[in-house]
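# Summary of structural features
Now for the letters of each chain:
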Amino acid sequence: MSDRFDLLADRLAERVADRVGEILDERDAAPPPLLDASGAARYLGVDRSAVYVMAKDGRLPVVKLGDSDRPRLRFDPRALADHLAADAPESAQSNGRRRRPAGSVPSADLLPIRNGGGP
C-alpha cells in the first residue's frame, strides 16, 4: 500500500514541477514593463533630468512613444541592464574613485559653513 502512495506522490510531484516550469517559462518570455524616466532614474541611480540628457545624447537606449516633437520616453529595463554591463569595464578603470554619471545634475547646492556658530 505504501508503494502505491509513493508512486502517486512521485507522479504528482512531476506534474507540479512540469507546470511550475511552464509558468516560469511563460513569465520569462513576457517582456518586462517599460520604465518611465523616474523609474529609469531609480534603476540607474541618477536624477531624472540626467536620464533625459543621456537619452537625448543617445547614451541611453530609449523607446519613443509617438511621433511628436516631444514624444513620451520609455526605457526597457533589459536594455538598460545590457547598457550598464557594456559600460562596466570603462567604469572599473576609474582607479577606485566614485564619479557622478555623465550628464547627471546635482540635486542641490551646498550651503556655506559659518564659523563660530554654536548654541
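In this text the structure is predicted, and so the values were computed from the model without any measurement.

## Considering the overall build of the protein
Scanning the protein from terminus to terminus reveals 4 helices and 2 strands. Reading the protein from its N terminus to its C terminus gives the helix and strand order α-α-α-β-β-α. Counting all 119 residues of the protein, 15% fall into the buried class. Counted over contacts in the protein with a minimum sequence separation of 6, partners at least 24 positions apart contribute 51%. Accessible surface for the protein amounts to roughly 10200 Å². Of this, 52% is attributable to carbon and sulfur atoms.

## Comments concerning the pattern of salt bridges
Scanning the entire structure with this criterion turns up 3 salt bridges. Note that glutamate 22 and arginine 19 form a salt bridge whose closest N and O atoms lie 3.0 Å from each other. With glutamate 22 and arginine 19 both in helix H1 (residues 2-29), this residue pair falls 3 residues apart, about one helical turn. For glutamate 22, a relative accessible area of 41% puts it in the partly exposed group.

## Looking at a nonpolar patch on the surface
Taken together, the side chains of Leu12, Val16, Val20 and Leu24 define a hydrophobic patch exposed on the protein surface, amounting to about 340 Å² of accessible area. Considering the arrangement of structural elements, one finds leucine 24 in helix H1.

## A closer look at the packing of helix H2 (residues 37-44) against helix H3 (residues 48-56)
Two elements in contact, H2 and H3, have axes separated by 8 Å at closest approach and are oriented at 100 degrees. With respect to their mutual orientation, H2 and H3 come out roughly perpendicular. Between H2 and H3, the contacting residues are Ala37, Ser38, Ala40, Ala41 and Leu44 on the first element and Arg48, Val51 and Tyr52 on the second. In the contact of H2 with H3, the residues fall into 6 nonpolar, 1 polar and 1 charged.

## Examining the nonpolar core
As a rule of thumb, soluble globular proteins bury nonpolar side chains together. Counting 13 residues, the largest nonpolar core has Leu44, Val46, Val51, Leu60, Phe75 and Leu80 as the members making the most contacts within it. Looking at this core, the elements with two or more residues in it are H2 and H3. Apart from residues no more than four positions distant in its own chain, valine 51 is found in contact with Ala37, Ala40, Ala41, Leu44, Val46, Leu60 and Phe75.

## Some thoughts on H3
Regarding H3, the residues found buried are Ala50, Val51, Met54 and Ala55. Buried positions in H3, seen along its axis, are confined to an arc of 135 degrees and lie on one side of it.

## Thoughts on a negative patch on the surface
A contiguous patch of negative charge, built from Asp3, Asp6, Asp10, Glu14 and Asp18, is present on the exposed surface. Topologically, aspartate 10 is positioned in helix H1.

## Considerations on H2
Residues of H2 that are buried include every one of Ala37, Gly39, Ala40, Ala41 and Leu44, and no others. Just beyond H2, the residue with positive phi is glycine 45, at close to 75 degrees.

## A look at the confidence of the model for the protein
Low pLDDT marks regions whose predicted coordinates should not be analysed in detail. Residue-level pLDDT values for the protein average 78, and 75% of them are 70 or greater. Here helix H4 (residues 77-92) stands out as the least confident element of the protein, with mean pLDDT 74; H2 is the most confident, with 91. Throughout residues 91-96 the model reports pLDDT below 50, and contacts reaching past four residues in sequence, or to other chains, amount to 1 contact.

Conventions used here
- Residues numbered from 1 in each chain as written.
- Predicted model: local features only at pLDDT ≥ 70, side-chain atom pairs only at ≥ 80, totals over all residues.
- Heavy atoms only, no water.
- Helix = DSSP H or I, 4+ residues; strand = E, 2+ residues; numbered from the N terminus.
- Buried < 20%, exposed > 50% of the residue type's maximum accessible area, 1.4 Å probe, protein only.
- Contact = heavy atoms within 4.5 Å.
- Areas by Shrake-Rupley, 256 points an atom, 1.4 Å probe, with all protein chains shown as cover.
- Salt bridge = Lys/Arg side-chain N within 4 Å of Asp/Glu carboxyl O.
- Patch = residues over 30% accessible without salt bridge, like charges linked within 9 Å, V, L, I, M, F, W, Y side chains within 5 Å.
- Axes fitted to C-alpha atoms, helices over the stretch in contact; angles between N-to-C directions.
- Parallel < 35°, antiparallel > 145°, perpendicular 65-115°, else oblique.
- Nonpolar A, V, L, I, M, F, W, Y, C, P; charged D, E, K, R; others polar.
- Core = buried A, V, L, I, M, F, W, Y, C linked by side-chain atoms within 4.5 Å.
- Arc of directions from axis to C-beta.
- Lys, Arg positive; Asp, Glu negative; His and termini not counted.
- Charge placed at Lys NZ, Arg CZ, Asp CG, Glu CD.
- pLDDT = per-residue confidence, 0-100.

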